[in-house]
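This is what each chain is made of:
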Amino acid sequence: MSINVLIVDDSSVMRAMILKTLRMTGLPLGETYQAANGQEGLDALEQHWIDLAIVDINMPVMNGEEMIDHIRENLEMKDLPVLVISTEGSKTRIERLQHKGAKFIQKPFSPEIIRDTVKGITGIGANDE
Ligand SMILES: [Mg+2]
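Presented here is an overview of the structure given in this document. (Residues numbered from 1 in each chain as written. Predicted model: local features only at pLDDT ≥ 70, side-chain atom pairs only at ≥ 80, totals over all residues.)

**A few points about the overall build of the protein**
Right, on to step 1. Looking only at helices and strands, the protein has 5 helices and 5 strands in total.
Right, on to step 2. Ordered by position from the N terminus, the helices and strands of the protein form the series β-α-β-α-β-α-β-α-β-α.
Right, on to step 3. In terms of C-alpha radius of gyration, the protein reaches 13 Å, essentially the compact-globule figure of 14 Å for 129 residues.
Right, on to step 4. Counting only C-alpha atoms, the protein reaches 40 × 30 × 25 Å along its principal axes.
Right, on to step 5. Counting every position in the protein, which comprises 129 residues, the buried fraction comes to 30%. (Helix = DSSP H or I, 4+ residues; strand = E, 2+ residues; numbered from the N terminus. Rg over C-alpha atoms; globule rule 2.2 N^0.38 Å. Buried ≥ 20, exposed ≤ 12 C-beta atoms within 10 Å, placed from the backbone.)

**Re the pairing of strand β4 (residues 82-86)**
Right, on to step 1. Within β4, 5 of the 5 residues are buried, which leaves it mostly tucked inside the rest of the structure.
Right, on to step 2. Along β4, one buried face is formed by Val82, Val84 and Ser86 and the opposite face, lined by Leu83 and Ile85, is buried too.
Right, on to step 3. Where strand β3 (residues 52-55) and β4 come together, 3 bridges link them in parallel fashion. Its bridge partner being in β4, Val55 is matched across the sheet by Val84.
Right, on to step 4. Taken together, β4, helix α4 (residues 91-99) and strand β5 (residues 102-106) constitute a β-α-β crossover, and its handedness is right-handed. (Pairing = 2+ DSSP bridges. Right-handed = clockwise from strand over helix to strand, strands pointing away.)

**Comments concerning the sheet that holds strand β1 (residues 3-8)**
Right, on to step 1. Spatially, the 5 strands line up as an open sheet ordered β2-β1-β3-β4-β5, and their pairing is parallel. One side of each edge strand has no neighbouring strand; the edge strands of this open sheet are β2 (29-35) and β5. Sheet twist, expressed as the mean angle between neighbouring strand axes with direction ignored, is 20°.
Right, on to step 2. Relative to β3, β1 runs parallel, the two sharing 4 bridges. Across the sheet, the residue bridging to Leu6 is Ala53, located in β3.
Right, on to step 3. Contacting β4 and β5, α4 runs over the sheet at an angle of about 145° to β5. (Axes fitted to C-alpha atoms, helices over the stretch in contact; angles between N-to-C directions. Contact = placed C-beta atoms within 7 Å.)

None of the figures reported here should be taken as evidence of function without further support.
In structure tokens:
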């Protein structure tokens, strides 16, 4: 059992860093996909089986919050686990995202927090130890 992950961030450097961190966690990664904004992310979700979306907030074209709204309104995607990773510090916004069923991690992040949060929201175990 492995998880297919979609990473949505307008920074290719950040996408690479998140992917590298995911690989360090020992979580059983399947396919990984990348998108540079919310619209590309939704397109990827239409095209591939994805178990977890990791989403930035501030992006051009469609931001992360709008993307999450579309996911939650879509019958086939509405239960998708979503993890928001952002520099965003606004408590109001973080709480709003949590109400939409997203977990939130602030940048910078550690492999441990990523691992524990992903385990929590996907129900998958890490294959370390
Ligand atoms: Mg951004």
